[in-house]
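Each chain, written out:
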Amino acid sequence: MPGIVVIGTQWGDEGKGKATDQLGDSVDYTVRYSGGNNAGHTLVVNGEKYALHLLPSGILNPGIPVIGNGVVVDLEVLFSEIDALNARGIDTSRLILSANAHIIAPYHKTLDKVTERFLGKRKIGTTGRGVGPAYADKINRVGLRIQDLLDEQLLRDKVAASLIQKNQLLVKVYNQMAVDADEVADHLLSFADRVRPMVRDVARELNDALEAGKLVVFEGAQAHHLDVDHGTYPYVTSSNPIAAGACTGSGVGPNRLDRIVGIAKAYTTRVGEGPFPTELLDADGDRLRHDGGEFGTTTGRPRRCGWFDPLVVEAACTYNGVTDVFLTKLDILTGWEKIPVCVAYEVDGERVEHYPVMMDDIVKAKPVYEYLDGWSEDISGCRTFDELPATCQAYVKRLEELIRCRISGIGVGPGREQAVMIHDLI
Ligand code: IMP
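Residues numbered from 1 in each chain as written. Predicted model: local features only at pLDDT ≥ 70, side-chain atom pairs only at ≥ 80, totals over all residues. Heavy atoms only, no water.

1. Structural notes on the overall build of the protein
Logical step 1: Secondary structure summary: the protein contains 13 helices and 19 strands in total.
Logical step 2: Taking 426 residues into account, the globule formula puts the C-alpha radius of gyration at 22 Å, and the protein, at 22 Å, falls close to it.
Logical step 3: Overall size of the protein, expressed as C-alpha extent along the three principal axes, is 65 × 50 × 40 Å.
Logical step 4: Looking at the protein as a whole, 57% of its 426 residues are labelled buried.
Logical step 5: Within the protein, counting contacts between residues at least 6 apart in sequence, those at least 24 apart form 75% of the total.
Logical step 6: Looking at the protein as shown, the accessible area adds up to about 17,600 Å², and 50% of this sits on carbon and sulfur atoms.
Logical step 7: One finds the centroid of the 45 positive side-chain charges in the protein at a distance of 3 Å from the centroid of its 59 negative side-chain charges. (Helix = DSSP H or I, 4+ residues; strand = E, 2+ residues; numbered from the N terminus. Rg over C-alpha atoms; globule rule 2.2 N^0.38 Å. Buried < 20%, exposed > 50% of the residue type's maximum accessible area, 1.4 Å probe, protein only. Contact = heavy atoms within 4.5 Å. Areas by Shrake-Rupley, 256 points an atom, 1.4 Å probe, with all protein chains shown as cover. Lys, Arg positive; Asp, Glu negative; His and termini not counted. Charge placed at Lys NZ, Arg CZ, Asp CG, Glu CD.)

The structure is reproduced here in structure tokens:
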């Protein structure tokens, strides 16, 4: 059985949980490898809706849910999600947590918010969850790790050391109150007893599992174009949601990744600031937002909406070695007479057929559209490709050509079973 990575190919919120769901009960491990509770997975299982931010979506399946070293963990959120699931009768006792994962401390959230305010017009539009500042501390080597929670004095020392510089910044630059190191340490240590039984050498356990032929799904959060190295920098998140992040964020080698599944929404959305060439600022955008329920799972913010952009998805497929694309929310496009699909950009009067590397070109890019015929039939009950209306099939086929990657699955409704599988993902 293989290692499978599931990543977003646009700017997040593609419905990645939907593809993981198709693998269902055969998954032995579901691993979150990057990001924190800035993510949002909405899952509908047996008609019940679950919104998860930090826990792997596999928490609802029989396998083992894993939080890898590449994740930043807000302990308060972790346990409130666990408690909420337990209250609905879901067993979360199988969850394991990497000793090397970093912690989001309360001061990271404060810093996230005050930095955004300070940036003013140049703000990133972050989720305000402290994710960027926690990763900044990790790279600056002043972060707090899950394993530090298991040694009270070590944790107290690290919090105090980390706050020396931050308190200067908070007080002198941002005009905020200084943070009390003991208060922060007491707060974090209050979770230590609940954390202890979950802490593992996740890298060892996953390698053993893969060696033993188990099926491991690495569940990306955010998406390729929000990646700190490959996304629309600086309008990105502070981690590596790309497929390669599954290796650094969990401790498995690249040769362990057998399939890379790229999730693409049948149109495009983005939350926060940053360029978005096919964005619709008119009634068509409002209609997509309304029909698709495009409001953030994490922040409730209305998502920016636009037509499908194959240049965006093709770049993600190419740079991640995507083997299969899962197209989500195709049912949302039902009822349009014509559906525009972007086939190129116009940048300074020149036609560009590949997603540009220069940020300035992405900002200036004007989409060149091809207009495909729409369909009016309800497709939510379709389970095979042949059952889809002919024009809907043609839409999928044209996208496949433009993104240069096969489409192996299609989401036709919010339910777990509302999917058309063309090729198996395992
Ligand atoms: P941060 O990850 O909170 O630092 O936010 C950085 C950027 O990534 C902002 O534009 C956010 O809106 C965006 N972002 C972070 N997480 C998600 C997500 O799960 N879906 C969509 N956008 C996200």
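Next comes the rest of the write-up.
2. A short note on the pairing of strand 1 (residues 3-8)
Logical step 1: In terms of residue burial, strand 1 counts as a mostly covered element, since six of its six residues are buried.
Logical step 2: The two faces of strand 1 match: Gly3, Val5 and Ile7 on one face and Ile4, Val6 and Gly8 on the other face are all buried.

3. Section: helix 1 (residues 16-23)
Logical step 1: Across the eight residues of helix 1, seven count as buried, placing the element largely inside the fold.
Logical step 2: Inspection of helix 1 places Lys16, Gly17, Lys18, Ala19, Thr20, Asp21 and Leu23 among the buried residues, and these make up the whole buried set.

4. Remarks on the packing of helix 3 (residues 106-119) against helix 5 (residues 152-173)
Each pair of packed helices can be described by the angle between their axes along with the distance between the axes.
Logical step 1: Contact geometry of helix 3 with helix 5 gives a least axis separation of 12 Å together with a crossing angle of 30°. As far as their axial angle goes, helix 5 and helix 3 are roughly parallel. For the crossing formed where helix 3 meets helix 5, the hand is left-handed. Of the residues in helix 5, those in contact with Tyr107, Thr110, Leu111, Val114 and Phe118 of helix 3 are Val159, Ser162, Leu163, Lys166, Leu169, Leu170 and Val173.
Logical step 2: Taken together, the residues that form the contact of helix 3 with helix 5 break down as nine nonpolar, two polar and one charged. (Axes fitted to C-alpha atoms, helices over the stretch in contact; angles between N-to-C directions. Parallel < 35°, antiparallel > 145°, perpendicular 65-115°, else oblique. Left-handed = near helix turned anticlockwise from the far one by under 90°. Nonpolar A, V, L, I, M, F, W, Y, C, P; charged D, E, K, R; others polar.)

5. Quick notes on the site of the ligand
Logical step 1: What surrounds the ligand is a group of 16 residues, the closest being Asp13, Asn38, Thr127, Thr237 and Arg301.
Logical step 2: In the model, an oxygen atom of the ligand is placed 3.1 Å from a nitrogen or oxygen of the Val271 main chain.
Logical step 3: Protein burial of the ligand: of its 470 Å² of free accessible surface, 96% is covered by the chains.
Logical step 4: Partitioning the shell around the ligand into residue classes produces six nonpolar, eight polar and two charged. (Near = heavy atom within 4 Å. Polar contact = N/O pair within 3.5 Å; in protein donor to acceptor, adjacent residues only side chain to side chain.)

6. Overview of the nonpolar core
Logical step 1: Judged by nonpolar contacts, the single largest core of 56 residues is most densely connected at Phe218, Leu330, Leu333 and Tyr395.
Logical step 2: Sorting elements by how many residues they give to this core places helix 13 (residues 390-403) first, with six residues.
Logical step 3: Among all residues touching Leu330, those that are not within four sequence positions of it are Ala266, Trp375, Ile379, Cys392, Tyr395, Val396, Ile410 and Gly411.
Logical step 4: Judged by nonpolar contacts, the second largest core, of 39 residues, contains Phe79, Ala99, Ala185 and Val195. (Core = buried A, V, L, I, M, F, W, Y, C linked by side-chain atoms within 4.5 Å.)

7. Overview of the packing of aromatic side chains
Logical step 1: Scanning the entire structure with this criterion turns up six aromatic pairs.
Logical step 2: Here Phe79 and Phe191 contribute two aromatic rings whose centre-to-centre distance is 5.8 Å and whose plane-to-plane angle is 5°, an arrangement assigned as stacked. One end of the pair, Phe79, is in helix 2 (residues 75-87); the other, Phe191, is in the loop between helix 6 (181-189) and helix 7 (192-195), with 112 residues separating them in the sequence.
Logical step 3: Looking at Phe79, the relative accessible area reads 3%, which means it is buried.
Logical step 4: For Arg287, the ring lying beneath its charged end belongs to Trp336, and the centroid distance is 3.7 Å. (Phe/Tyr/Trp six-rings, centres within 6.5 Å; stacked < 30°, edge-to-face > 60°. Lys NZ or Arg CZ within 6 Å of the ring centre and 35° of its normal.)

8. Description of the sheet that holds strand 11 (residues 257-265)
Logical step 1: Taken in spatial order, the 10 strands line up as 9-7-5-2-10-1-11-14-18-19 in an open sheet, and their pairing is mixed. Two strands close off the open sheet at either side, each with one partner strand: strand 9 (199-200) and strand 19 (419-421).
Logical step 2: Where strand 7 (residues 96-98) meets strand 9, two bridges bridge the pair, whose relative direction is parallel. Across the sheet, residue Leu97 finds its bridge partner in strand 9, namely Val199.
Logical step 3: Across the face of the sheet, helix 1 comes into contact with strand 1, strand 2 (29-32), strand 10 (216-219), strand 11, strand 14 (324-328), strand 18 (407-411) and strand 19 while running at roughly 155° to strand 1. (Pairing = 2+ DSSP bridges.)

9. Side note on helix 13
Logical step 1: Taking 1.5 Å as the rise per residue, helix 13 with 14 residues should run 20 Å; its terminal C-alpha atoms sit 20 Å apart, in good agreement.
Logical step 2: Cys392, Gln393, Tyr395, Val396, Leu399, Glu400, Leu402 and Ile403 are the residues of helix 13 that are buried.
Logical step 3: The elements touched by buried residues of helix 13 are helix 11 (310-320), strand 14, strand 15 (338-347), strand 17 (366-373) and strand 18.
Logical step 4: Looking at the residues trailing helix 13, positive phi occurs at Arg404, about 60°. (Expected span 1.5 Å × (residues − 1).)

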